[in-house]
Amino acid sequence: MKQVMLLFRCNHRTIVFLALSVCFIARASAQEILIPVETKTNALVLKVSPTKDVNILYLGEKLSHSEEYNNISGAYRQTADYSNVLASAYTSAGSRNLAEPAIAVVHADGNTSLDLRYSSHKTERVDNNSSLTSVVLKDSLYPFWVTLYYKTYVKEDIVEQWCVIRHKEKGQVTLSKFASANLQLKAGSYWLRQYHGDWAREMQPEETLLTHGIKTLDSKLGTRANLFQPALFMVSLDKPATEDEGTVLFGSLSWTGNFRIDLEVDYQDNLRLLAGMNNFASTYFLKSGEEFTTPAFLYTLSHQGKGKASRNLHDWARNYRLVDGKGTRLTLLNNWEATYFNFNEEKLAALLKDTKKLGVDLFLLDDGWFANKYPRNDDHAGLGDWEENRQKLPNGISYLVKEATANDVKFGIWIEPEMVNPKSELYEKHPDWIIRQPGREEHYFRNQLVLDLSNPKVQDFVFGVVDGLLEKNPTLAYIKWDCNAVIYNAYSAHLKNQTHLYIEYVRGLYKVLERIRGKYPTVPMMLCSGGGGRTDYAALQYFTEYWPSDNTDPLERIFIQWEYSYFFPAIASSNHVTDWGRQSIKYRTDVAMMGKLGFDIVVSKLKPEELAYCQGAVKQYDSVKAVIWQGDQYRLTDPRQNSVASVLYLDKDKANGVLFNYLVSGRFAAGSTLPIRLKGLAPEKSYRLREVNLYPGTTSSILSDKTYTGEYLMTVGFNPDVRSGRNSVVIKLTQANR
Ligand code: GLA
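Residues numbered from 1 in each chain as written. Predicted model: local features only at pLDDT ≥ 70, side-chain atom pairs only at ≥ 80, totals over all residues. Heavy atoms only, no water.

### As for the site of the ligand
Alright, step 1. Neighbouring the ligand are 13 residues, the closest being Asp366, Asp367, Lys480, Asp482 and Asp550.
Alright, step 2. Within the side chain of aspartate 482, one N or O atom sits 2.9 Å away from an oxygen atom of the ligand.
Alright, step 3. Within the side chain of asparagine 484, an N or O atom sits 3.5 Å from an oxygen atom of the ligand.
Alright, step 4. Calculation on the ligand without its partners gives an accessible area of 310 Å², and the protein chains cover 96% of this total.
Alright, step 5. Taken together, the residues of the shell around the ligand sort by class into four nonpolar, three polar and six charged. (Near = heavy atom within 4 Å. Polar contact = N/O pair within 3.5 Å; in protein donor to acceptor, adjacent residues only side chain to side chain. Areas by Shrake-Rupley, 256 points an atom, 1.4 Å probe, with all protein chains shown as cover. Nonpolar A, V, L, I, M, F, W, Y, C, P; charged D, E, K, R; others polar.)

### Description of the sheet that holds strand β3 (residues 54-61)
Alright, step 1. Pairing is antiparallel across the open sheet formed by three strands, whose spatial order is β1-β2-β3. Lying at the two open borders of the sheet, with one neighbouring strand each, are β1 (33-38) and β3. Neighbour-to-neighbour, the strand axes of this sheet turn through a mean angle of 20°, independent of strand direction.
Alright, step 2. Two strands pair when backbone bridges link them, and strand β2 (residues 42-48) and β3 are joined in this way by seven bridges, in the antiparallel orientation. (Pairing = 2+ DSSP bridges. Helix = DSSP H or I, 4+ residues; strand = E, 2+ residues; numbered from the N terminus. Axes fitted to C-alpha atoms, helices over the stretch in contact; angles between N-to-C directions.)

### Description of the pattern of salt bridges
Alright, step 1. Following the criterion strictly, the structure yields 40 salt bridges and no others.
Alright, step 2. Of the charged contacts in the structure, one is a salt bridge between lysine 519 and aspartate 467, with a shortest N-O distance of 2.8 Å. In this pair, lysine 519 sits in helix α10 (residues 501-519) while aspartate 467 sits in helix α9 (residues 456-472), placing the two residues 52 residues apart along the sequence.
Alright, step 3. On the basis of relative accessible area, aspartate 467 is assigned to the buried category, the value being 14%.
Alright, step 4. Among the ionic contacts, a cluster of salt bridges with common partners joins Asp53, Arg96, Asp115 and Arg117. (Salt bridge = Lys/Arg side-chain N within 4 Å of Asp/Glu carboxyl O. Buried < 20%, exposed > 50% of the residue type's maximum accessible area, 1.4 Å probe, protein only.)

### Considering the layout of surface pockets
Alright, step 1. By volume, the largest pocket is sized at about 600 Å³.
Alright, step 2. Taken together, 29 residues line the largest pocket, and the ones lying closest to its centre are Leu636, Thr637, Asp638, Gln641 and Asn642.
Alright, step 3. Every element with two or more residues in the lining of the largest pocket is listed here: α11 (554-564) and β30 (632-637).
Alright, step 4. With three residues, the single largest contributor to the lining of the largest pocket is β30.
Alright, step 5. Inspection of the lining of the largest pocket shows a minimum of three residues originating in each of domain 2 (33-321) and domain 4 (635-736).
Alright, step 6. Taken together, 19 residues form the lining of the second largest pocket, with Ile56, Ser73, Asp81, Ala87 and Lys186 sitting closest to its centre.
Alright, step 7. When grouped by side-chain class, the residues that make up the lining of the second largest pocket number seven nonpolar, eight polar and four charged. (1 Å grid on protein atoms, 1.4 Å probe; cavity = no way out; pocket = protein on both sides within 12 Å on 5 of 7 lines; lining within 4 Å. Points joined across faces, edges and corners; volume = space filled by probe spheres on them. Domains from an automatic or database assignment.)

### Structural notes on the packing of aromatic side chains
Alright, step 1. In total, this model carries 39 aromatic pairs according to the counting rule given.
Alright, step 2. An aromatic cluster of three or more residues is present, and its members are Tyr153, Trp316, Tyr320, Tyr537, Tyr546, Tyr564 and Phe568.
Alright, step 3. The ring of tryptophan 145 has lysine 138 sitting right over it, with the charged end atom 5.7 Å from the ring centre.
Alright, step 4. Its end group placed over the ring of phenylalanine 280, lysine 220 keeps NZ or CZ at 5.5 Å from the ring centre. (Phe/Tyr/Trp six-rings, centres within 6.5 Å; stacked < 30°, edge-to-face > 60°. Lys NZ or Arg CZ within 6 Å of the ring centre and 35° of its normal.)

### Examining the packing of helix α12 (residues 585-592) against helix α13 (residues 608-630)
Alright, step 1. Relative orientation of the contacting elements α12 and α13 amounts to 20°, with a least axis distance of 10 Å. When the interaxial angle is binned, α12 and α13 end up roughly parallel. Crossing of α12 over α13 shows right-handed handedness. Where α12 abuts α13, its residues Ile585, Lys586, Thr589 and Asp590 lie against Glu610, Tyr613, Cys614 and Ala617.
Alright, step 2. Here the contact of α12 with α13 is composed, by residue class, of four nonpolar, one polar and three charged. (Parallel < 35°, antiparallel > 145°, perpendicular 65-115°, else oblique. Left-handed = near helix turned anticlockwise from the far one by under 90°. Contact = heavy atoms within 4.5 Å.)

### Points about the nonpolar core
Alright, step 1. In this structure, Phe144, Leu365, Trp369 and Trp481 are the most contacted members of the largest nonpolar core, which totals 191 residues.
Alright, step 2. Those residues in contact with tryptophan 369 that lie beyond four places of it in its chain are Phe343, Trp386, Glu387, Glu388, Asn389, Leu393, Ile397, Ile413, Trp414, Ile415 and Leu469.
Alright, step 3. With 22 residues, the next largest nonpolar core counts Tyr634, Leu650, Ile676 and Leu733 among its residues. (Core = buried A, V, L, I, M, F, W, Y, C linked by side-chain atoms within 4.5 Å.)

### Considerations on the environment of asparagine 693
Alright, step 1. One can find asparagine 693 in the loop between β33 (686-692) and β34 (707-709).
Alright, step 2. Its relative accessible area of 6% is what places asparagine 693 among the buried residues.
Alright, step 3. The sequence separation of asparagine 693 and isoleucine 516 amounts to 177 residues, and the corresponding C-alpha distance is 39 Å.
Alright, step 4. Dropping the residues within four chain positions of it, asparagine 693 is found in contact with Lys586, Asp590, Met593, Tyr613, Ala617, Gln620 and Val730.

### A short note on the state of the cysteines
Alright, step 1. Under the definition given, this model contains zero disulfides.
Alright, step 2. Unpaired in terms of disulfides, cysteine 483 finds its nearest cysteine sulfur in cysteine 528, a separation of 8.8 Å.
Alright, step 3. In this structure cysteine 483 comes out as buried when scored by relative accessible area, which is 0%. (Disulfide = S-S within 2.5 Å.)

### Considerations on the pairing of strand β9 (residues 173-186)
Within a regular strand, side chains alternate between the sheet's two faces.
Alright, step 1. Most of β9 sits inside the fold, with twelve of its 14 residues counted as buried.
Alright, step 2. With four bridges connecting them, strand β4 (residues 103-106) and β9 associate as antiparallel partners. Bridging from a neighbouring strand, valine 106 pairs with threonine 174 of β9.
Alright, step 3. Pairing of β9 with strand β17 (residues 284-286) involves three bridges; the strand directions are antiparallel. Paired with valine 173 across the two strands is leucine 286, which belongs to β17.

### With respect to the side chain of histidine 167
Alright, step 1. Tracing the sequence through the fold places histidine 167 in strand β8 (residues 158-167).
Alright, step 2. When its relative accessible area of 1% is taken as the criterion, histidine 167 is described as buried.
Alright, step 3. A polar side-chain atom of histidine 167 sits 2.6 Å from the main-chain carbonyl oxygen of leucine 286.
Alright, step 4. In this view, histidine 167 contacts Pro143, Phe144, Trp145, Gln172, Val173, Leu286, Lys287, Ser288, Gly289 and Glu290; residues no more than four positions away in its chain are not counted.

### Looking at the side chain of threonine 174
Alright, step 1. The residue threonine 174 is located in strand β9 in this model.
Alright, step 2. Residue classification places threonine 174 among the buried residues on the basis of a relative accessible area of 18%.
Alright, step 3. Look past the residues within four positions of threonine 174 in its chain and what remains in contact with it is Ala104, Val105, Val106, Thr283, Tyr284 and Phe285.

### What to know about the pairing of β2
Alright, step 1. The element β2 is extensively covered by neighbouring structure, given that seven of its seven residues are classed as buried.
Alright, step 2. Side chains Asn42, Leu44, Leu46 and Val48 project from β2 onto one buried face, and the interleaved Ala43, Val45 and Lys47 project onto a second face that is buried too.
Alright, step 3. Counted along the chain from β1 to the antiparallel partner β2, the turn is three residues long.
Alright, step 4. Connecting β2 to the next strand, β3, in antiparallel fashion are five residues, including lysine 52 with a positive phi near 70°.

In structure tokens, the structure reads:
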């Protein structure tokens, strides 16, 4: 109205023109609302059309002049969007949509259509780095709402996206698909880097060009959900991103259960991305007034390659997600591979002494310490019976904890509280607590079954395992929480709706972990799942670290840790030195240092110089661990493309760093023939590079009194002289005062 009046009152041509454009913009903004979700570098811009459809207008680098987002649609000359919701911010099934939906429902009256339209939106400031945008969508006919949430972490360029579904229909609504996020990217081509694996073969990458149609990454395993495939992936635009170049989106679903990620290249050549809990066997019946909250989909978009994206995620994980992400961690000696199930008090007493001798902080007692009627002497029996085995430990855990204190080390313990062996008292007493199909033959994974965590009584039991240990032993300093079985024969004696089991299991697990963290907020806990069967940022909000793989062969570990390190910071990666692999103790220890160092070896069997090496390495680690844990990680030479793998950790001040270099090829003359270019340094600063972790009796071939500028090290590089005979080289970098 105002604009029209303005138009009539003026007769000067320029003013008329000005007034017209004001009028146009005002009209456009009255009918077409733009909702920008911005981080430091990026913007996701949603557009509400005059018909109240909420579509994605843009996902890419942030523009300085936000009014220019209005020009974006005009820049694309793609074929028609027949439905006007091909780019929907949350695609609903059953009405106009022709593509893979984010949500599909059956209303209380049996109708299968859903047409979500804009209702309102707001952006709230969470703190000076975070804001929360919520967009309320409502079905045009039914009292059915979806609220989309976008939480930004500005500095880290991270967005977390989830939604809440609710209705007020007469009766329950059936949810048959319920994604957390629905994104759209536009580029000439899309390159997916995904991961597959199995026990001891975690994080095997594959990179492919996405073709038209849908590529689905998913899990149906229930508990050890990431065993064959984690919910971690990258999508590069136009060409595969390299470490430092290219636009790449890193995505991850924060959910410790079945997931489904659909990547659809549509007929317009856009990439539609839908991520959420897997709807496989999980139809959900939602009562009137009840809220269904999806897990968060987490993503970061980098325009400087994979390295930058990974550093964004590392910063975010340490600042916001991991328990004690900015704190410290305990180095340890674990007895799993040293004794397996075969130990007693005497053997453990000796290991406590070895822990001290080695110089690490803590002794971790692994599997085999519990159960009496069916003693836990191998993995066929005893799981679920969490009282100390009287034969092995006549004086109980409390005695061991005290003994540890007497030896000036801390004590930690292994548990697997979600699981049960059929040969156990728990199985005999509470058959209804176990996930299994009535009347069907039981099927075991590692000779065990999964407890039904959807049942509050089972939640109490699992909480009680941890609480009991910590109540009795307040100085217990560490818990390794394992999960070795998948869910077979999914059936709950507790739930009315069987299709809720996969979801309610995970929610039950979070309730337990929430209670544990409520009572014990800081006790360090390792998230283990027979290796990397659980690697997600929802579980990691309750843990200090995770166990990447049972495969500790250092050569394999270089590759496994390399890929994990794109998504998780080194402080969260539990790396143990074991007897796997044929490399020297130096090589094994050096590789384990690129994370949270631990040992799982028979210390008493080490040769004197091997022991001396390990003791020296632990001391050295103490002097560089802050940089590894809290610094920036730069991948310098990729073991998949070079005969040397090289990784640099550099503190935020760019003053101290540590550079790890390993020979990964046995071929003739393999090694660092060329200098390795460093990254992230301050060009004008001078640095001194000194080899550390030298094996007793050897000397370094590197001159340690020389200094180099950051510029030189990043332009020409540095040669760590890696070759056979020097197959693992660790260099400490310190700023030199010239
Ligand atoms: C799993 C873990 C191992 C060890 C064993 C114990 O395999 O990954 O580290 O704890 O269980 O049974």
